[in-house]
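# Commentary on secondary and tertiary structure
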2 protein chains.
Amino acid sequence: MDPFGGRSVLVVGTGLVGTSLGLALTRAGIDVRLADAKPEILAEAVRLGAGRPEPAAAESAGPAALAVVAVPPEAVAAVVGEVLAGGRAEYATDVASVKVLPTTQVRERVADPGRYVGSHPMAGREISGPNAALADLFEGRPWVICPDDGTHQQAVTRALAVARLAGAVPTTMTAAEHDAAVALVSHTPHLVAALMAGRLAGAPGHEVRLAGPGVTDVTRIASGDPELWTEILTANAAAVRPVLDALRTDLDRLMTALEAPVAGQPVLRELLRDGVDGRSRLPGKHGAEHTEFATVIVAVDDAPGQLARLFADAGAAGVNVEDVRIEHAAGQPLGLVELDVRPGAEDELAASLRERGWTIRG
Amino acid sequence: MDPFGGRSVLVVGTGLVGTSLGLALTRAGIDVRLADAKPEILAEAVRLGAGRPEPAAAESAGPAALAVVAVPPEAVAAVVGEVLAGGRAEYATDVASVKVLPTTQVRERVADPGRYVGSHPMAGREISGPNAALADLFEGRPWVICPDDGTHQQAVTRALAVARLAGAVPTTMTAAEHDAAVALVSHTPHLVAALMAGRLAGAPGHEVRLAGPGVTDVTRIASGDPELWTEILTANAAAVRPVLDALRTDLDRLMTALEAPVAGQPVLRELLRDGVDGRSRLPGKHGAEHTEFATVIVAVDDAPGQLARLFADAGAAGVNVEDVRIEHAAGQPLGLVELDVRPGAEDELAASLRERGWTIRG
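Residues numbered from 1 in each chain as written. Chains lettered and ligands numbered in written order. Predicted model: local features only at pLDDT ≥ 70, side-chain atom pairs only at ≥ 80, totals over all residues. Heavy atoms only, no water.

- Naming follows an unreviewed UniProt entry, where chain A appears as Prephenate dehydrogenase of Jiangella alba.
- The annotation that UniProt attaches to chain A under Sequence similarities (unreviewed entry) is "Belongs to the prephenate/arogenate dehydrogenase family." (UniProt positions renumbered as here; feature names shortened; annotations may be inferred.)

Structure (structure tokens):
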């Protein structure tokens, strides 16, 4: 059923997120009005089926139930003010990846700020623009909604409805809580990965050639677009700073411990244990508590179809593979495939795969 | 052919590494003599087929061609001295994960230190002991050998032969170069992951629940055993310190930049670009230069056999999957499977999978 009773949703800004949302809402049977400052971007979103161009006030059957403003953080307040003042929508939300900046500016600059609620669908891609849009971009992803004391309930209700229609998992917190959370789980990890990867930039080849899967995992996200991340970190600097302060305090304790390694062992041990504890708090599969799986390591060569054969054999063993990683062995046309299974199932799977001729590493 | 002309290799210390090496050398047709301070550990290694117990001097047909000393770093020098002085082997190497400590101690404490060469097979497992041993533990892994000016060529030649017989990829550098290399590509990444994970330890649940694949990658290795890592870092503190010093310098520049984010953008951008550069230097598949694959993202549900069906369908498309990751969507019984393929093959694969009824995300 349509929570908007046939009324329209207006999407302003038809880039990756706006167009993906238009596709998702259209698929859900919602009438989507689209607007973008760039006519060619708007036309592309319409062509892709994300909705229809927003009609002129005269032709429109009244304001949209909700406007979703999908423009850069610093532009949100101006566009929200325009949309609400112009009677183009009754309520408005945005999708910026920081929330204090736009919500503060809306409160300062918009006539009736209670008609706006900030939100952040935590989904994205490396590529941008309407052509990168996906109807199910938001499926299963958290969508944070940030009301404050002045927010009209209807704004929250309608933002929640849009998040659910897009297949996301909505959750509410204050804008400050949101910015602190993404500073911890997204922005600081990106910086830590970048700083570590930066150490490799000037390193001699004989050192880098010894790199294994560990440092590859730690630095993976450091490949992200420096321009985009400069914007994000600039907008959320206030929330990132305290996390980095705490990190530097621990780094200093660590460095002091390594000055006199033997005497420093208790501190070293404590910091490493904190790491194990923190790691164990990360959401596991399906957002459930983090679970340690048992791992069966299989050696496979590069021939096409090997993975297909491996998973077919695993399936034949009646064991569900919960997760999989491929670790490529240096200097050899051979990969180690790590199959994660529920603890207890590993021996059965290993035995069954051995029978079928696979080399099991563990 | 047997580079030792039928002569024996002595393995002292039959834990994970010693027993794995015994299994590999035995499989390669080498006569392996085994010794361990703990009789039950030795018996287990013999039972597993890693070799035969070292015979008493009287019965032995002369010294082994090479002794591989697989004991903790701080014990290496004593055991090497004993083995060489006792005529149990003509030459000796070790397998400790740090090299300056054992090589220095051998030079100080052993009568003829030139008969020893330090080495480090860069392979291991989370679990230890002879029962965790694998005949192909070293296959395709780097095996660093660290001769110095006083090292006899025969010691190097025989250590290289053992590394090759075990299926490893041998490479030589000085002990100091080795310790600096592992400080950069292994020990510092572990500390960085632990410090980042440590920030999650005390964080509120609503923050940790927003964690996505990025922070999960960054902190993966932080799950490592704190005791083991305390030992490793204590032994290599001197080489880790300068890497942490440089990292801290960058962290300070970053924090200063974030104090005045707009003015600081050039510094922020530079640090992020260094990260991209460093990341691009990591060895890619098969130790080749790092290659960016094209990725096809497929939504799969949890039913057993789904992965088998997916890889079978990918195989049917005639596209070889180079790498695979599973990203579990929060709060949904759904996973996103990221299939890496050679750039150019992604459209063909996506189209073919769509035809077969799969939901493609990108």
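Still more ground to cover, so stick around.
### Some points on the relation of the copies chain B and chain A
- In screw terms, the move from chain B to chain A is a rotation of 180° and a rise of 0.0 Å along the axis, fitting with an RMSD of 0.1 Å. The transformation relating the two chain copies, once decomposed into turn and shift, fits a two-fold axis. No C-alpha of chain B approaches the rotation axis more nearly than that of valine 218 of chain B, which lies at 2.0 Å.
- Most of the interface of chain B is mirrored in chain A: 100% of its interface residues are interface residues there too. (Least-squares fit on C-alpha atoms with pLDDT ≥ 70 in both. Contact = heavy atoms within 4.5 Å.)

### Structural notes on the packing of helix 3 (residues 76–85) of chain B against helix 4 (residues 100–109) of chain B
Residue and element names in this part refer to chain B.
- Contact geometry for helix 3 and helix 4: axes closest at 8 Å, N-to-C directions at 45°. What the angle tells us is that helix 3 and helix 4 run oblique. Helix 4 is crossed by helix 3, and the crossing has right-handed handedness. Residue-level inspection shows Val76, Ala77 and Val80 of helix 3 in contact with helix 4, the latter providing Pro102, Gln105, Val106 and Arg109.
- In the contact of helix 3 with helix 4, the residues fall into five nonpolar, one polar and one charged. (Axes fitted to C-alpha atoms, helices over the stretch in contact; angles between N-to-C directions. Helix = DSSP H or I, 4+ residues; strand = E, 2+ residues; numbered from the N terminus. Parallel < 35°, antiparallel > 145°, perpendicular 65-115°, else oblique. Left-handed = near helix turned anticlockwise from the far one by under 90°. Nonpolar A, V, L, I, M, F, W, Y, C, P; charged D, E, K, R; others polar.)

### Observations concerning the pairing of strand 9 (residues 294–301) of chain B
Residues and elements named next belong to chain B.
- Taken across its eight residues, strand 9 has six buried, putting it largely inside the fold.
- Alignment of strand 9 against strand 12 (residues 359–360), held across two bridges, turns out to be antiparallel. Across the sheet, the residue bridging to alanine 299 is threonine 359, located in strand 12. (Buried < 20%, exposed > 50% of the residue type's maximum accessible area, 1.4 Å probe, protein only. Pairing = 2+ DSSP bridges.)

### With respect to the confidence of the model for chain A
- Looking at chain A as a whole, the pLDDT averages 90, with 93% of positions reaching at least 70.
- Within the model, pLDDT remains below 50 along residues 285–290 of chain A, and this stretch shows 22 contacts once partners closer than five positions in the same chain are excluded. (pLDDT = per-residue confidence, 0-100.)

### Side note on the packing of aromatic side chains
All names here are of chain A.
- Taken as a whole and assessed by the stated rule, the structure comprises two aromatic pairs over all chains.
- Between the aromatic rings of phenylalanine 138 and tryptophan 143, the centroid separation amounts to 5.4 Å while the plane-to-plane angle is 45°, which identifies the pairing as tilted.
- Among the residues examined, tryptophan 143 registers a relative accessible area of 2% and is labelled buried.
- For the cation-ring pair, arginine 309 lies above tryptophan 358, with the distance from its terminal atom to the ring centre recorded as 4.1 Å. (Phe/Tyr/Trp six-rings, centres within 6.5 Å; stacked < 30°, edge-to-face > 60°. Lys NZ or Arg CZ within 6 Å of the ring centre and 35° of its normal.)

### Some thoughts on the environment of leucine 134 of chain A
- Looking at the secondary structure, you find leucine 134 of chain A in the loop between strand 6 (116–121) and strand 7 (142–146).
- Among the residues examined, leucine 134 of chain A registers a relative accessible area of 13% and is labelled buried.

### Quick look at the side chain of histidine 190 of chain B
- Along the chain, the position of histidine 190 of chain B falls in helix 6 (residues 175–201).
- Judged by relative accessible area, histidine 190 of chain B falls into the buried class, the value being 2%.
- A polar side-chain atom of histidine 190 of chain B sits 3.4 Å from the main-chain carbonyl oxygen of isoleucine 221 of chain B.
- Once you skip the residues sitting within four places of it in the chain, histidine 190 of chain B turns out to touch Leu272 of chain A together with Ile221, Ala222, Gly224 and Trp229 of chain B. (Polar contact = N/O pair within 3.5 Å; in protein donor to acceptor, adjacent residues only side chain to side chain.)

### Structural notes on the sheet that holds strand 4 (residues 66–69) of chain B
Residue and element names in this part refer to chain B.
- Here eight strands make up an open sheet; going across it, the order is 3-2-1-4-5-6-7-8 and the pairing mixed. Each having just a single partner strand, strand 3 (52–53) and strand 8 (169–172) make up the two edges of the open sheet.
- Where helix 2 (residues 39–47) meets the sheet, it contacts strand 2 (32–35) and strand 3, and its direction lies at approximately 155° from that of strand 2.

### Description of the environment of alanine 61 of chain B
- Within the fold, alanine 61 of chain B resides in the loop between strand 3 and strand 4.
- Note on alanine 61 of chain B: relative accessible area 77%, which makes it exposed.

### Section: the pattern of salt bridges
- This model, assessed by the stated rule, comprises 39 salt bridges over all chains.
- Of the charged contacts in the structure, one is a salt bridge between arginine 273 of chain A and glutamate 227 of chain B, with a shortest N-O distance of 2.9 Å. Separated into two different chains, arginine 273 of chain A in helix 11 (residues 261–280) and glutamate 227 of chain B in helix 9 (residues 226–235) make up a pair that spans both.
- Residue arginine 273 of chain A is classed as partly exposed on the basis of its relative accessible area, which comes to 44%.
- Each of Arg199 of chain A together with Asp250, Arg253 and Glu270 of chain B takes part in one network of salt bridges that share partners. (Salt bridge = Lys/Arg side-chain N within 4 Å of Asp/Glu carboxyl O.)

### Here we look at the sheet that holds strand 8 (residues 169–172) of chain A
Residues and elements named next belong to chain A.
- Spatially, 3-2-1-4-5-6-7-8 is the arrangement adopted by the eight strands of the open sheet, whose pairing is mixed. Where the open sheet ends on each side, the last strands, each with one partner, are strand 3 (52–53) and strand 8.
- Direction of pairing for strand 7 relative to strand 8: parallel, over a ladder of four bridges. Bridging across to strand 8, valine 144 finds its partner in threonine 171.

### A look at the interface of chain B and chain A
- On the side of chain A, 123 residues touch chain B, which itself brings 122 residues to the contact.
- For the pair chain B and chain A, the summed buried surface comes to about 11,200 Å²; carbon and sulfur atoms form 66% of the total.
- In this assembly, chain B and chain A are joined by 12 salt bridges.
- Here chain B is connected to chain A by 24 residue pairs in polar contact (both at pLDDT 80 or more).
- Per-element tally for the side of chain B that touches chain A: the top contributor is helix 6 of chain B, with 19 residues.
- Looking at the side of chain B that touches chain A, its residues break down into 64 nonpolar, 28 polar and 30 charged. (Buried area = accessible area lost by both parts, 1.4 Å probe.)

### Notes on the pairing of strand 1 (residues 9–12) of chain B
Residues and elements named next belong to chain B.
- The alternating pattern of strand 1 places Val9 and Val11 on one face and Leu10 and Val12 on the opposite face, and all of these are buried.
- Bridge analysis of strand 1 against strand 2 gives four bridges, and the strand direction is parallel. Bridging from a neighbouring strand, valine 11 pairs with leucine 34 of strand 2.
- For the segment spanning strand 1, helix 1 (residues 16–27) and strand 2, crossover handedness is right-handed.
- Of the strand pairs in this sheet, strand 1 and strand 4 are connected by four bridges, and their pairing is parallel. Bridge assignment links valine 12 to a residue of strand 4, and that residue is valine 69. (Right-handed = clockwise from strand over helix to strand, strands pointing away.)

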